[in-house]
Amino acid sequence: MSRTEAPPLPEPLRVPVADSHTHLDMQDGTVEEGLARAAAVNVTTVVQVGCDVKGSRWAAETAAAHANVHAAVALHPNEAPRIVHGDPDGWSRQGAREGGGSAALHEALAEIDALAALPHVRGVGETGLDYFRTGPEGMAAQEESFRAHIEIAKRHGKALVIHDRDAHADVLRVLADAGAPERTVFHCYSGDADMARVCADAGYFMSFAGNMTFKNAQPLRDALAAAPLELVLVETDAPFLTPAPYRGRPNAPYLIPVTLRAMAAVKGLDEDTLAEAIADNTARAFDY
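Residues numbered from 1 in each chain as written. Predicted model: local features only at pLDDT ≥ 70, side-chain atom pairs only at ≥ 80, totals over all residues. Heavy atoms only, no water.

Colleague: Help me understand the overall build of the protein in this model?
Modeller: Per the secondary structure count, the protein includes 10 helices and 10 strands. A globule of 288 residues ought to have a C-alpha radius of gyration of about 19 Å, and the protein, at 18 Å, matches this closely. The proportion of buried residues among the 288 residues of the protein is 56%. The contacts in the protein between residues at least 6 apart in sequence include a share of 71% that link residues at least 24 apart. Counting every atom, the protein has about 11700 Å² of accessible surface; 53% of that belongs to carbon and sulfur. Computing the positive centroid from 25 side-chain charges and the negative centroid from 40, the protein places the two 3 Å apart. (Helix = DSSP H or I, 4+ residues; strand = E, 2+ residues; numbered from the N terminus. Rg over C-alpha atoms; globule rule 2.2 N^0.38 Å. Buried < 20%, exposed > 50% of the residue type's maximum accessible area, 1.4 Å probe, protein only. Contact = heavy atoms within 4.5 Å. Areas by Shrake-Rupley, 256 points an atom, 1.4 Å probe, with all protein chains shown as cover. Lys, Arg positive; Asp, Glu negative; His and termini not counted. Charge placed at Lys NZ, Arg CZ, Asp CG, Glu CD.)

Below, the structure written as C-alpha coordinates:
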(Lines give C-alpha, C1' and ligand atoms only; values in the text may rest on other atoms or scores of the structure.)
Protein backbone atom coordinates (compact mmCIF):
# COMPACT_ATOMS: atom_id res chain seq x y z
CA MET A 1 0.00 0.00 0.00
CA SER A 2 1.48 3.34 -1.06
CA ARG A 3 2.01 5.91 1.71
CA THR A 4 0.67 8.58 -0.64
CA GLU A 5 -2.54 6.72 -1.46
CA ALA A 6 -5.70 8.14 0.12
CA PRO A 7 -7.40 5.77 2.59
CA PRO A 8 -10.81 4.33 1.58
CA LEU A 9 -14.10 5.97 2.57
CA PRO A 10 -15.20 4.64 5.97
CA GLU A 11 -18.73 3.48 6.75
CA PRO A 12 -20.89 6.66 6.93
CA LEU A 13 -22.00 8.00 10.30
CA ARG A 14 -25.75 7.93 10.95
CA VAL A 15 -25.66 11.35 12.65
CA PRO A 16 -24.08 14.31 10.80
CA VAL A 17 -20.99 15.83 12.44
CA ALA A 18 -18.47 18.61 11.89
CA ASP A 19 -14.71 18.47 11.42
CA SER A 20 -13.74 21.23 13.86
CA HIS A 21 -10.27 21.83 12.37
CA THR A 22 -8.99 21.16 8.87
CA HIS A 23 -6.65 22.65 6.26
CA LEU A 24 -8.37 22.15 2.88
CA ASP A 25 -5.73 24.36 1.23
CA MET A 26 -3.05 21.74 2.03
CA GLN A 27 -5.06 18.74 0.77
CA ASP A 28 -5.15 17.15 -2.68
CA GLY A 29 -8.10 17.83 -5.00
CA THR A 30 -10.55 20.72 -5.05
CA VAL A 31 -12.49 22.06 -2.08
CA GLU A 32 -15.68 20.79 -3.71
CA GLU A 33 -14.27 17.26 -4.00
CA GLY A 34 -13.12 17.29 -0.38
CA LEU A 35 -16.51 18.50 0.86
CA ALA A 36 -18.37 15.95 -1.30
CA ARG A 37 -16.29 13.06 0.07
CA ALA A 38 -16.90 14.30 3.61
CA ALA A 39 -20.66 14.67 3.00
CA ALA A 40 -20.75 11.09 1.66
CA VAL A 41 -19.88 9.83 5.17
CA ASN A 42 -22.08 12.45 6.94
CA VAL A 43 -19.32 14.91 7.82
CA THR A 44 -21.44 17.87 6.74
CA THR A 45 -19.57 20.87 8.17
CA VAL A 46 -15.89 21.83 8.36
CA VAL A 47 -13.93 24.60 10.06
CA GLN A 48 -11.19 25.75 7.69
CA VAL A 49 -8.23 27.13 9.63
CA GLY A 50 -5.69 29.71 8.50
CA CYS A 51 -2.06 29.71 9.70
CA ASP A 52 -0.78 32.95 8.18
CA VAL A 53 -2.21 36.06 6.50
CA LYS A 54 -2.47 34.46 3.06
CA GLY A 55 -4.03 31.23 4.39
CA SER A 56 -6.43 33.19 6.58
CA ARG A 57 -7.61 35.23 3.59
CA TRP A 58 -8.13 31.97 1.70
CA ALA A 59 -10.09 30.49 4.64
CA ALA A 60 -12.38 33.53 4.77
CA GLU A 61 -12.96 33.45 0.99
CA THR A 62 -13.67 29.71 1.04
CA ALA A 63 -16.16 30.07 3.90
CA ALA A 64 -17.88 32.92 2.05
CA ALA A 65 -18.29 30.64 -0.99
CA HIS A 66 -19.53 27.50 0.85
CA ALA A 67 -22.36 27.48 3.39
CA ASN A 68 -20.97 24.39 5.16
CA VAL A 69 -17.46 25.85 5.63
CA HIS A 70 -16.68 28.14 8.56
CA ALA A 71 -13.36 29.97 8.78
CA ALA A 72 -10.86 30.54 11.55
CA VAL A 73 -8.10 33.10 10.93
CA ALA A 74 -4.75 33.60 12.66
CA LEU A 75 -0.99 33.65 12.61
CA HIS A 76 0.15 30.18 13.72
CA PRO A 77 2.45 30.29 16.78
CA ASN A 78 5.39 29.36 14.53
CA GLU A 79 4.50 32.13 12.06
CA ALA A 80 4.88 34.95 14.62
CA PRO A 81 8.65 34.51 15.24
CA ARG A 82 9.25 34.16 11.49
CA ILE A 83 7.54 37.49 10.84
CA VAL A 84 9.58 39.16 13.60
CA HIS A 85 12.96 37.44 13.22
CA GLY A 86 12.84 36.14 9.64
CA ASP A 87 12.69 32.71 8.02
CA PRO A 88 16.05 32.32 6.25
CA ASP A 89 15.51 28.65 5.31
CA GLY A 90 11.99 29.19 3.95
CA TRP A 91 10.67 26.52 6.31
CA SER A 92 7.15 27.98 6.29
CA ARG A 93 6.58 27.22 2.58
CA GLN A 94 6.77 30.92 1.73
CA GLY A 95 10.38 31.13 0.62
CA ALA A 96 13.21 32.81 2.53
CA ARG A 97 12.03 35.88 4.45
CA GLU A 98 13.78 38.74 6.21
CA GLY A 99 12.69 39.59 9.74
CA GLY A 100 10.41 42.63 9.93
CA GLY A 101 10.50 43.16 13.68
CA SER A 102 7.47 43.89 15.80
CA ALA A 103 6.14 46.43 13.26
CA ALA A 104 5.67 43.62 10.74
CA LEU A 105 3.93 41.50 13.39
CA HIS A 106 1.52 44.33 14.21
CA GLU A 107 0.78 44.81 10.51
CA ALA A 108 -0.02 41.10 10.09
CA LEU A 109 -2.18 41.12 13.24
CA ALA A 110 -4.14 44.12 11.90
CA GLU A 111 -4.94 42.05 8.82
CA ILE A 112 -6.14 39.13 11.02
CA ASP A 113 -8.23 41.58 13.05
CA ALA A 114 -9.97 42.82 9.88
CA LEU A 115 -10.68 39.25 8.71
CA ALA A 116 -12.01 38.29 12.16
CA ALA A 117 -14.75 40.91 11.78
CA LEU A 118 -16.29 39.02 8.82
CA PRO A 119 -19.51 37.13 9.60
CA HIS A 120 -18.42 33.79 8.06
CA VAL A 121 -15.23 33.84 10.14
CA ARG A 122 -16.28 31.97 13.29
CA GLY A 123 -12.93 31.57 15.01
CA VAL A 124 -9.60 33.25 15.72
CA GLY A 125 -6.89 30.60 15.50
CA GLU A 126 -4.89 28.59 15.37
CA THR A 127 -2.93 30.64 17.84
CA GLY A 128 -1.13 29.78 21.05
CA LEU A 129 2.37 28.56 21.87
CA ASP A 130 4.62 25.95 20.25
CA TYR A 131 7.92 25.25 21.98
CA PHE A 132 8.84 22.23 19.85
CA ARG A 133 11.45 24.08 17.79
CA THR A 134 11.38 27.57 19.31
CA GLY A 135 14.14 29.37 21.24
CA PRO A 136 13.65 32.13 23.84
CA GLU A 137 13.49 34.95 21.23
CA GLY A 138 10.79 33.10 19.34
CA MET A 139 8.84 32.39 22.55
CA ALA A 140 8.53 36.11 23.27
CA ALA A 141 7.16 36.78 19.76
CA GLN A 142 4.73 33.87 20.16
CA GLU A 143 3.38 35.14 23.46
CA GLU A 144 2.91 38.68 22.11
CA SER A 145 1.03 37.27 19.12
CA PHE A 146 -1.06 34.91 21.30
CA ARG A 147 -2.15 37.77 23.60
CA ALA A 148 -3.10 39.88 20.56
CA HIS A 149 -5.22 37.02 19.15
CA ILE A 150 -7.02 36.65 22.51
CA GLU A 151 -7.95 40.34 22.33
CA ILE A 152 -9.09 40.00 18.68
CA ALA A 153 -11.31 37.02 19.56
CA LYS A 154 -12.89 38.89 22.47
CA ARG A 155 -13.38 42.10 20.49
CA HIS A 156 -15.26 40.29 17.70
CA GLY A 157 -17.00 37.70 19.90
CA LYS A 158 -15.35 34.78 18.07
CA ALA A 159 -14.10 31.41 19.32
CA LEU A 160 -10.40 31.21 20.19
CA VAL A 161 -8.69 28.17 18.62
CA ILE A 162 -5.55 27.14 20.46
CA HIS A 163 -2.46 25.34 19.18
CA ASP A 164 -0.51 24.06 22.20
CA ARG A 165 2.64 22.06 21.62
CA ASP A 166 5.02 21.36 24.52
CA ALA A 167 3.70 24.53 26.19
CA HIS A 168 0.77 23.48 28.39
CA ALA A 169 1.62 25.49 31.53
CA ASP A 170 2.35 28.70 29.62
CA VAL A 171 -0.78 28.42 27.46
CA LEU A 172 -2.94 28.03 30.58
CA ARG A 173 -1.05 30.87 32.29
CA VAL A 174 -1.60 33.31 29.40
CA LEU A 175 -5.29 32.38 29.12
CA ALA A 176 -5.83 32.92 32.85
CA ASP A 177 -3.83 36.15 32.86
CA ALA A 178 -5.34 37.72 29.71
CA GLY A 179 -8.85 36.36 30.34
CA ALA A 180 -9.99 33.69 27.89
CA PRO A 181 -12.80 34.47 25.44
CA GLU A 182 -16.23 33.02 26.19
CA ARG A 183 -15.57 30.13 23.77
CA THR A 184 -12.06 28.62 23.73
CA VAL A 185 -11.10 25.45 21.84
CA PHE A 186 -7.94 23.41 22.45
CA HIS A 187 -7.32 22.12 18.90
CA CYS A 188 -5.64 18.72 18.66
CA TYR A 189 -5.79 18.42 22.43
CA SER A 190 -2.36 17.22 23.61
CA GLY A 191 -2.50 17.44 27.40
CA ASP A 192 -3.04 14.67 29.94
CA ALA A 193 -6.08 13.80 32.06
CA ASP A 194 -5.10 16.27 34.82
CA MET A 195 -4.93 19.11 32.30
CA ALA A 196 -8.28 17.97 30.84
CA ARG A 197 -9.81 18.52 34.29
CA VAL A 198 -8.27 22.02 34.45
CA CYS A 199 -9.67 22.81 30.98
CA ALA A 200 -13.07 21.42 31.97
CA ASP A 201 -13.19 23.62 35.08
CA ALA A 202 -12.48 26.65 32.86
CA GLY A 203 -15.13 25.56 30.31
CA TYR A 204 -12.61 25.10 27.48
CA PHE A 205 -13.56 22.78 24.61
CA MET A 206 -11.13 19.95 23.85
CA SER A 207 -10.90 18.78 20.24
CA PHE A 208 -9.43 15.32 19.62
CA ALA A 209 -7.67 14.33 16.39
CA GLY A 210 -6.51 11.09 14.76
CA ASN A 211 -3.45 10.86 17.00
CA MET A 212 -5.71 9.66 19.86
CA THR A 213 -5.89 6.35 17.91
CA PHE A 214 -2.10 5.85 17.90
CA LYS A 215 -0.69 2.95 19.96
CA ASN A 216 1.47 5.23 22.13
CA ALA A 217 -1.39 7.70 22.81
CA GLN A 218 -2.79 6.25 26.06
CA PRO A 219 -2.39 9.65 27.85
CA LEU A 220 -4.65 11.22 25.18
CA ARG A 221 -7.24 8.46 25.63
CA ASP A 222 -7.10 9.00 29.39
CA ALA A 223 -7.64 12.75 28.80
CA LEU A 224 -10.62 12.02 26.54
CA ALA A 225 -12.07 9.73 29.23
CA ALA A 226 -11.73 12.58 31.76
CA ALA A 227 -13.16 15.30 29.47
CA PRO A 228 -16.87 16.09 30.00
CA LEU A 229 -19.00 15.03 27.02
CA GLU A 230 -20.36 18.56 26.53
CA LEU A 231 -16.83 19.93 25.93
CA VAL A 232 -15.54 17.32 23.43
CA LEU A 233 -15.02 18.01 19.70
CA VAL A 234 -13.51 15.93 16.88
CA GLU A 235 -11.17 17.10 14.12
CA THR A 236 -8.84 15.82 11.43
CA ASP A 237 -6.16 18.58 11.35
CA ALA A 238 -5.93 17.21 7.80
CA PRO A 239 -3.72 16.54 5.93
CA PHE A 240 -1.89 15.68 9.19
CA LEU A 241 -2.53 13.14 11.98
CA THR A 242 -4.30 10.48 9.93
CA PRO A 243 -5.95 7.99 12.31
CA ALA A 244 -4.86 4.37 12.66
CA PRO A 245 -4.83 2.10 10.72
CA TYR A 246 -3.97 4.71 8.03
CA ARG A 247 -1.28 6.60 9.97
CA GLY A 248 1.22 8.25 7.61
CA ARG A 249 -1.20 8.42 4.67
CA PRO A 250 -3.01 11.64 3.62
CA ASN A 251 -5.78 12.77 5.97
CA ALA A 252 -9.01 14.54 4.96
CA PRO A 253 -12.36 15.41 6.58
CA TYR A 254 -14.00 12.19 5.30
CA LEU A 255 -11.89 10.22 7.82
CA ILE A 256 -13.65 11.81 10.84
CA PRO A 257 -15.78 8.64 11.33
CA VAL A 258 -12.62 6.57 12.01
CA THR A 259 -11.56 8.87 14.86
CA LEU A 260 -15.09 9.36 16.18
CA ARG A 261 -15.62 5.59 16.48
CA ALA A 262 -12.34 5.23 18.40
CA MET A 263 -13.46 8.08 20.68
CA ALA A 264 -16.84 6.44 21.29
CA ALA A 265 -15.05 3.28 22.44
CA VAL A 266 -12.94 5.29 24.91
CA LYS A 267 -16.00 7.13 26.24
CA GLY A 268 -18.06 3.92 26.46
CA LEU A 269 -20.77 5.49 24.29
CA ASP A 270 -22.49 4.37 21.11
CA GLU A 271 -21.33 6.36 18.10
CA ASP A 272 -24.71 8.07 17.52
CA THR A 273 -24.77 9.49 21.06
CA LEU A 274 -21.22 10.79 20.70
CA ALA A 275 -21.90 12.17 17.20
CA GLU A 276 -25.00 14.04 18.42
CA ALA A 277 -23.07 15.56 21.33
CA ILE A 278 -20.15 16.55 19.10
CA ALA A 279 -22.42 18.11 16.47
CA ASP A 280 -24.09 20.19 19.18
CA ASN A 281 -20.78 21.09 20.87
CA THR A 282 -19.14 22.24 17.62
CA ALA A 283 -22.11 24.47 16.74
CA ARG A 284 -21.94 25.97 20.26
CA ALA A 285 -18.16 26.39 20.16
CA PHE A 286 -18.18 28.21 16.81
CA ASP A 287 -21.60 29.86 17.22
CA TYR A 288 -23.15 28.71 13.93
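Colleague: Mind showing me how you'd approach the pairing of strand β6 (residues 121-130) here?
Modeller: Successive residues of a regular strand alternate their side chains across the two faces of the sheet. Buried residues dominate β6, accounting for 10 of its 10 residues. The pairing of strand β3 (residues 69-73) with β6 spans three bridges and is parallel. Following the sheet pairing, Val 73 is matched in β6 by Val 124. In this region the chain leaves β6, passes through helix α5 (residues 136-156) and returns to the parallel neighbour strand β7 (residues 159-165); the handedness of that crossover is right-handed. (Pairing = 2+ DSSP bridges. Right-handed = clockwise from strand over helix to strand, strands pointing away.)

Colleague: What's the story with the packing of helix α8 (residues 218-226) against helix α9 (residues 256-267) in this structure? I'm lost.
Modeller: Any two packed helices are characterised by how steeply their axes cross, that is the angle between the axes, and by the distance between the axes. Where α8 contacts α9, the axes come no closer than 9 Å and their chain directions differ by 65°. Classified by the interaxial angle, the pair formed by α8 and α9 is roughly perpendicular. The handedness of the crossing between α8 and α9 comes out as right-handed. Along the contact surface, α8 presents Arg 221, Leu 224 and Ala 225, while α9 presents Met 263, Val 266 and Lys 267. The residue inventory of the contact of α8 with α9, partitioned by class, reads four nonpolar, no polar and two charged. (Axes fitted to C-alpha atoms, helices over the stretch in contact; angles between N-to-C directions. Parallel < 35°, antiparallel > 145°, perpendicular 65-115°, else oblique. Left-handed = near helix turned anticlockwise from the far one by under 90°. Nonpolar A, V, L, I, M, F, W, Y, C, P; charged D, E, K, R; others polar.)

Colleague: Got a minute to help me understand the nonpolar core in this structure?
Modeller: A general feature of soluble globular proteins is that nonpolar side chains tend to end up buried together. In terms of nonpolar packing, the biggest core is built from 83 residues, with Phe 146, Leu 175, Phe 186, Tyr 189, Phe 208 and Met 263 touching the most fellow members. The element that contributes the greatest number of residues to this core is helix α4 (residues 101-116), accounting for six residues. Residue contacts for Phe 146: discarding those within four places in its chain leaves Thr 127, Gly 128, Leu 129, Leu 160, Ile 162, Val 171, Val 174 and Leu 175. (Core = buried A, V, L, I, M, F, W, Y, C linked by side-chain atoms within 4.5 Å.)

Colleague: Hey, could you run me through empty space enclosed by the protein in this one?
Modeller: Gaps left between atoms show up when a probe the size of a water molecule is rolled over them. According to the stated counting rule, one finds one cavity of 30 Å³ or more in the structure shown. Taken together, Leu 24, Gln 27, Asp 28, Gly 29, Thr 30, Val 31, Gly 34, Arg 37 and Ala 252 make up the lining of the largest cavity. When its residues are assigned to classes, the lining of the largest cavity shows three nonpolar, four polar and two charged. (1 Å grid on protein atoms, 1.4 Å probe; cavity = no way out; pocket = protein on both sides within 12 Å on 5 of 7 lines; lining within 4 Å. Points joined across faces, edges and corners; volume = space filled by probe spheres on them.)

Colleague: Can you help me understand the sheet that holds β3 in this one?
Modeller: Backbone-to-backbone hydrogen bonds join strands into a sheet, with any given pair of strands oriented parallel or antiparallel. Pairing in this open sheet of eight strands is parallel, and the strands run β1-β2-β3-β6-β7-β8-β9-β10 from one edge to the other. Of all the strands in the sheet, the pair left with one neighbour each is β1 (17-22) and β10 (232-234). Looking at each pair of strands side by side, their axes are set apart by 30° on average, direction ignored. In this sheet, strand β2 (residues 43-49) lies alongside β1 in parallel orientation, the contact comprising four bridges. In the sheet register, Thr 22 faces β2, and the bridge partner there is Gln 48. Running over the sheet, helix α7 (residues 193-202) touches β7, β8 (184-186) and β9 (205-208) and is turned about 135° from β9.

Colleague: Sorry, what's going on with the packing of aromatic side chains here?
Modeller: The relation between two aromatic rings is expressed through the spacing of the ring centres and the mutual angle of the planes. Evaluated as defined, the whole model comprises two aromatic pairs. For the ring pair Phe 186 and Tyr 204, a centre distance of 5.7 Å and an interplane angle of 35° mean the geometry is tilted. Taken together, the residues Phe 186 in strand β8 and Tyr 204 in the loop between α7 and β9 connect sequence positions 18 residues apart. Residue Phe 186 shares its accessibility class with Tyr 204, and that shared class is buried. An angle of 45° between the planes, with centres 5.5 Å apart, marks the rings of Tyr 189 and Phe 208 as tilted. Highlighted residues: Tyr 189 in the loop between β8 and α7 and Phe 208 in strand β9, separated in sequence by 19 residues. A single burial state applies to Tyr 189 and to Phe 208, both of which are buried. The ring of Phe 132 is capped by Arg 165, whose NZ or CZ atom sits 3.6 Å from the centre of that ring. For Arg 247, the ring lying beneath its charged end belongs to Phe 214, and the centroid distance is 3.7 Å. (Phe/Tyr/Trp six-rings, centres within 6.5 Å; stacked < 30°, edge-to-face > 60°. Lys NZ or Arg CZ within 6 Å of the ring centre and 35° of its normal.)

Colleague: What's the story with the pattern of salt bridges in this structure? I'm lost.
Modeller: Where charged atoms from two side chains of opposite charge approach closely, those side chains can pair. One pass over the full model with this rule turns up 13 salt bridges. For Arg 57, the salt bridge identified is with Glu 111, shortest N-O distance 3.0 Å. Of the two residues, Arg 57 sits in helix α2 (residues 53-65) while Glu 111 sits in helix α4, which places them 54 residues apart along the sequence. A salt bridge links Asp 280 to Arg 284, with the shortest nitrogen-to-oxygen separation between them at 4.0 Å. Within this pair, Asp 280 and its partner Arg 284 are both found in helix α10 (residues 271-286), separated by four residues, close to a single helical turn. One salt-bridge network, in which partners are shared between bridges, spans Glu 143, Arg 147, Asp 170, Arg 173 and Asp 177. (Salt bridge = Lys/Arg side-chain N within 4 Å of Asp/Glu carboxyl O.)

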